[in-house]
Amino acid sequence: MITDHKKYELYGKPLVQKVVMQAPFRYTFPITDHACFLYMLEGGVQFQVEDEQRDIPCKHSLFLNCINSSKELSNAAADDRNEIVIVNFHPDVLKRVYDKEMPLLLQSPANFISNRSLEIINNDFLIQKYVEGLLFYFENPALVNEDMLVLKLKEIILLLSQTPNAASIQLILSQIISPTTYTFRQIIDANIFSRLSIEELARETNLSLSSFKREFAKVYNDTPANYIKHKRLEKAASLLLASGERISGIAFQCGFNDLASFTKSFHDKYNVTPTQYRQNQQAG
């Protein structure tokens, strides 16, 4: 149950909100056309993603594309008080604020194909202080004006660009600035040699791990691990013949994290080591 809700708008769109809820509750927030940053000021909530639930503890935050993701928060603990601060990122507002040039965080990342829609941000001291600053304005609404709200929007963009999650946040924000939705096969084919784990690939497709495995089997008629290893080894075999690059470099380029695992996998498939494979083919 919502017990308190305050918000400030910028250019006619909600920018910052403070929501207080008393558990137990299930809350679907009415945001459908932009991205938002949710900071758990007090308490903790669960965020439902397909058939998985992710916990957002106190002092942590969630960044999500509200167009392509579910938007239900819940807390089943009786009498638990939850206070959430929300910053909205509406494309029209961002384009108006940054009318000359978009900062890097709002630009599309080069050569990366993904439908990832959410990122959990661990406790960050500077973001915590930013949220505390917002609380001052909720307590003193007479001080709120357009210039202050523009500054607070630019400040959170700057802070988010300095977190370890900046690349994922850039990816999510770029989806609302220049909306593009990729097919499942496009995402897999684009990232197959990128050394992402199966869990990370699932996040890029915006699916839970179990849903990702089901979809993969439907599209490729194989398991993710088997198909991806097979494709990486095929590319490695091709590069061993087409270039004189060091074997460790080829392993890394094809998505293997270390030479030992690459050599073992290669031997299992071709019955020779990468070095022997290159020598045999050259000799023939």
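What you see is a predicted model; the values in this text were computed from it and never measured.

Caption draft 1: Fine view of the overall build of the protein. Scanning the protein from N- to C-terminus turns up 11 helices and 10 strands. Buried residues in the protein amount to 47% of all 284 residues. Expressed as a percentage of contacts within the protein between residues at least 6 apart in sequence, the contacts between residues at least 24 apart total 73%. Of the roughly 14,000 Å² of accessible surface on the protein, a fraction of 50% belongs to carbon and sulfur atoms.

Caption draft 2: Region of interest: the side chain of Lys152. When you line up the elements, Lys152 lands in helix α3 (residues 146-161). Take Lys152: its relative accessible area is 11%, and that puts it in the buried class. Leaving out residues up to four positions away in the same chain, Lys152 has contacts with Tyr130 and Leu134.

Caption draft 3: Layout of the packing of aromatic side chains. In this structure the tally under the stated criterion is 15 aromatic pairs. An aromatic cluster is present here, built from Phe184, Phe212, Phe216, Tyr220 and Tyr227 joined pairwise through their rings. Above the face of the Tyr11 ring, Arg96 is positioned so that its terminal group lies 3.8 Å from the ring centre.

Caption draft 4: Spatial organisation of helix α8 (residues 224-242). Along its 19 residues, α8 runs 27 Å from first to last C-alpha, staying within 8% of the 27 Å computed at 1.5 Å per residue. Those residues of α8 that sit buried are Pro224, Tyr227, Ile228, Arg232, Leu233, Ala236, Ala237, Leu239 and Leu240.

Caption draft 5: Representation of the pattern of salt bridges. Per the counting criterion, the structure on display carries 14 salt bridges. The salt bridge involving Arg81 is made with Glu42; its shortest N-O contact spans 2.6 Å. Of the two residues, Arg81 is situated in strand β9 (residues 81-89) and Glu42 in strand β4 (residues 35-42); the sequence distance between them amounts to 39 residues. Of the residues examined, Arg81 reaches a relative accessible area of 32% and is grouped as partly exposed. Residues joined in a network through salt bridges with shared partners are Asp4, Lys6, Lys18, Glu42, Arg81 and Glu83.

Caption draft 6: Looking closely at the sheet that holds β4. Strand order in the open sheet formed by 6 strands is β1-β2-β9-β4-β7-β10, with antiparallel pairing between adjacent strands. Each end of this open sheet is capped by a strand with a single partner; those strands are β1 (2-10) and β10 (118-121). Taken over all neighbouring pairs, the strand axes of this sheet differ in orientation by 15° on average, direction set aside.

Caption draft 7: Representation of the environment of Ser197 in the model. Residue placement: Ser197 occurs in the loop between α5 (184-191) and α6 (198-204). Spatially, the C-alpha atom of Ser197 lies 16 Å from that of Phe184, the residues being 13 residues apart in sequence.

Caption draft 8: Layout of helix α4 (residues 166-177). Helix length check: α4, at 12 residues, gives a terminal C-alpha distance of 16 Å against a target of 16 Å (1.5 Å per residue), a fit within 8%. Along α4, 11 of the 12 residues are buried, which leaves the element largely enclosed by surrounding structure.

Caption draft 9: Fine view of the nonpolar core. In this structure, Phe37, Phe63, Phe89, Leu94, Leu153, Leu160 and Leu173 are the most contacted members of the largest nonpolar core, which totals 41 residues. For this core, the secondary-structure elements that each account for two or more residues are β1, β2 (13-22), β4, β9, α1 (91-97), α2 (125-139), α3 and α4. If one sorts the elements of this core by residue count, α3 sits on top with 8 residues. Setting aside chain neighbours within four positions, we find Leu94 in contact with Phe89, Met102, Leu106, Leu153, Ile157, Ile176 and Ile177. Of all hydrophobic cores here, the second largest spans 18 residues; its members include Cys36, Ile56, Leu73 and Ile86.

Caption draft 10: Region of interest: the pairing of strand β3 (residues 25-28). Residues Phe25 and Tyr27 line the buried face of β3, whereas the alternating positions Arg26 and Thr28 sit on a face that is not buried. The pairing of β3 with strand β8 (residues 72-75) spans 4 bridges and is antiparallel. Bridging from a neighbouring strand, Tyr27 pairs with Leu73 of β8.

Here is what the cut-offs are and how they apply
Residues numbered from 1 in each chain as written. Predicted model: local features only at pLDDT ≥ 70, side-chain atom pairs only at ≥ 80, totals over all residues. Heavy atoms only, no water. Helix = DSSP H or I, 4+ residues; strand = E, 2+ residues; numbered from the N terminus. Buried < 20%, exposed > 50% of the residue type's maximum accessible area, 1.4 Å probe, protein only. Contact = heavy atoms within 4.5 Å. Areas by Shrake-Rupley, 256 points an atom, 1.4 Å probe, with all protein chains shown as cover. Phe/Tyr/Trp six-rings, centres within 6.5 Å; stacked < 30°, edge-to-face > 60°. Lys NZ or Arg CZ within 6 Å of the ring centre and 35° of its normal. Expected span 1.5 Å × (residues − 1). Salt bridge = Lys/Arg side-chain N within 4 Å of Asp/Glu carboxyl O. Pairing = 2+ DSSP bridges. Axes fitted to C-alpha atoms, helices over the stretch in contact; angles between N-to-C directions. Core = buried A, V, L, I, M, F, W, Y, C linked by side-chain atoms within 4.5 Å.

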